[in-house]
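# What the coordinates show
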Amino acid sequence: MFKITILYGAIREGRLSIRAAKALQNALQQSGKATVTFIDIKDYNLPVMEARLKDMENPPVGLLEISNALESADGIVFVTPEYNNSYSGAMKNCIDYFTKEWAKKPIGICCGSNGKMGGVNASNLLQLLVLAIGAYPMPYKLLVPELHLSLDENGVPQNEIMQKNLDRFVSEYLWFVEAIVNQRKKG
Ligand SMILES: Cc1cc2nc3c(=O)[nH]c(=O)nc-3n(C[C@H](O)[C@H](O)[C@H](O)COP(=O)(O)O)c2cc1C
């Protein structure tokens, strides 16, 4: 079993992209190959980052909890809505707190929007961010257009294409995680 942490980065009242995070959580668990830790940034009320976790003398418990969930994971999935052609500010703020937690981690990217483009702009920028933190972005991304139509409130796909893309993402992601886990074992 792979330990996967989903980092979900929208804190907006009425956020729809939680549907995408739930869809991934369900699909990864149903694969039978993963245990999933779900980190919802909204639960942590993180202030705007003034110091990285590694430089804090008395870090808040919540940050240590997120750090542990990231560091102990075999793989991480970032889920974010697209805001103004990019990922959410809350997501970036959270990511900036951490350093060694990201080292050589396989990171899957899922973005969503209520329009037809499924957060493609955010996803491209997020791949660059993953490179900047010293982790590996998976080439195939899960894009969710028309969040309100593609997934129901529990994250259940509402059309064939959504289901197909979700299945492909999970299958490619587990392959990607396995490849990097095996390499990391070699040191
Ligand atoms: C501040 C803000 C900026 C947005 N910018 C974009 C955008 O650039 N492209 C897009 O497709 N949707 C954009 N949207 C719409 C979101 O895609 C929509 O809110 C969607 O439901 C996902 O965000 P949510 O999880 O907050 O609901 C924006 C929404 C907000 C609140």
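Look a little higher up for the structure.
A brief report on the enclosed structure follows. The model shown is predicted, which means the values in this text are computed figures rather than measured ones. (Residues numbered from 1 in each chain as written. Predicted model: local features only at pLDDT ≥ 70, side-chain atom pairs only at ≥ 80, totals over all residues. Heavy atoms only, no water.)

Turning next to the site of the ligand. Taken together, Arg12, Arg15, Leu16, Ser17, Pro81, Glu82, Tyr83, Asn84, Asn85, Ser113, Asn114 and Leu147 form the complete shell of residues around the ligand. Taking Leu16, its main chain carries an N or O atom lying 2.7 Å from an oxygen atom of the ligand. The contact in question runs from an oxygen atom of the ligand to an N or O atom on the backbone of Asn85, over 2.8 Å. Notes on the ligand: free accessible area 590 Å², of which the protein chains cover 74%. Its residues assigned to classes, the shell around the ligand comprises 4 nonpolar, 5 polar and 3 charged. (Near = heavy atom within 4 Å. Polar contact = N/O pair within 3.5 Å; in protein donor to acceptor, adjacent residues only side chain to side chain. Areas by Shrake-Rupley, 256 points an atom, 1.4 Å probe, with all protein chains shown as cover. Nonpolar A, V, L, I, M, F, W, Y, C, P; charged D, E, K, R; others polar.)

Within strand β4 (residues 106–112), 7 of the 7 residues are buried, which leaves the element mostly enclosed by the surrounding structure. Burial along β4 is two-sided: Pro106, Gly108, Cys110 and Gly112 facing one way and Ile107, Ile109 and Cys111 facing the other are all buried. Looking at chain direction, strand β3 (residues 75–81) and β4 are connected through 6 bridges and run parallel. Note that in β4 the partner of Phe78 across the bridge is Ile109. (Buried < 20%, exposed > 50% of the residue type's maximum accessible area, 1.4 Å probe, protein only. Helix = DSSP H or I, 4+ residues; strand = E, 2+ residues; numbered from the N terminus. Pairing = 2+ DSSP bridges.)

Glancing now at the state of the cysteines. In total, this model carries 0 disulfides according to the counting rule given. Between Cys94, a free cysteine, and Cys111, which holds the nearest cysteine sulfur, the sulfur-to-sulfur gap is 15 Å. On the basis of relative accessibility, which here comes to 0%, the residue Cys94 falls in the buried class. Cysteine Cys111 is unpaired, with the sulfur of Cys110 as its nearest cysteine sulfur at 6.5 Å. Residue Cys111 is classed as buried on the basis of its relative accessible area, which comes to 0%. (Disulfide = S-S within 2.5 Å.)

So, about the pattern of salt bridges. In this structure the tally under the stated criterion is 7 salt bridges. Taking the shortest distance from any N to any O, the salt bridge between Asp96 and Lys92 comes out at 3.0 Å. Here the residue Asp96 and the residue Lys92 both occupy positions in helix α3 (residues 89–96), the gap between them amounting to 4 residues, near one helical turn. A residue is classified by how much of its surface remains accessible, and Lys92, at 28% relative accessible area, is partly exposed. (Salt bridge = Lys/Arg side-chain N within 4 Å of Asp/Glu carboxyl O.)

For the rest of this paragraph, the subject is the side chain of Glu101. Mapped onto the elements, Glu101 comes out in the loop between α3 and β4. Of the polar contacts made by the side chain of Glu101, one reaches the side chain of Ser67; its length is 2.7 Å. One polar contact links the side chain of Glu101 to the main-chain amide nitrogen of Thr99, over a distance of 2.9 Å.

Note that Asn154 resides in the loop between α5 (147–150) and α6 (160–185). Between the C-alpha atoms of Asn154 and Lys22, which are 132 residues apart in sequence, the distance is 6.4 Å. Discounting residues that sit within four places of it in the chain, Asn154 has contacts with Lys22 and Asn26. (Contact = heavy atoms within 4.5 Å.)

Moving on, we come to the side chain of Arg19. Assignment of secondary structure puts Arg19 in helix α1 (residues 18–30). Buried charge without a partner: Arg19 forms no salt bridge, and the closest opposite charge is Glu153, 4.2 Å away. In contact with Arg19, not counting residues within four places along its chain, are Leu147, His148, Leu151, Asp152, Glu153 and Gly155. (Lys, Arg positive; Asp, Glu negative; His and termini not counted.)

Another point: α6. Helical geometry: 3.6 residues make up each α-helical turn, so side chains three or four residues apart lie on a common side. Taking 1.5 Å per residue, 26 residues should reach 38 Å; α6 reaches 38 Å between its end C-alpha atoms and fits that length. Within α6, the full set of buried residues consists of Met162, Leu166, Phe169, Val170, Tyr173, Leu174, Phe176, Val177, Ile180 and Val181. Two or three places before Ile161, at the opening of α6, Asn159 has a side-chain oxygen 3.2 Å from that residue's backbone nitrogen. Looking one or two places after α6, you find Gly187, whose phi comes out positive at around 95 degrees. (Expected span 1.5 Å × (residues − 1).)

A few words on α3. Turning to α3, its buried residues number three or more, namely Ala90, Met91, Asn93, Cys94 and Ile95. Those residues of α3 that are buried are in contact with β1 (2–8), α2 (61–71), β3 and α4 (120–132).

So, to be careful, I would describe these as geometric facts and stop short of saying anything about function.
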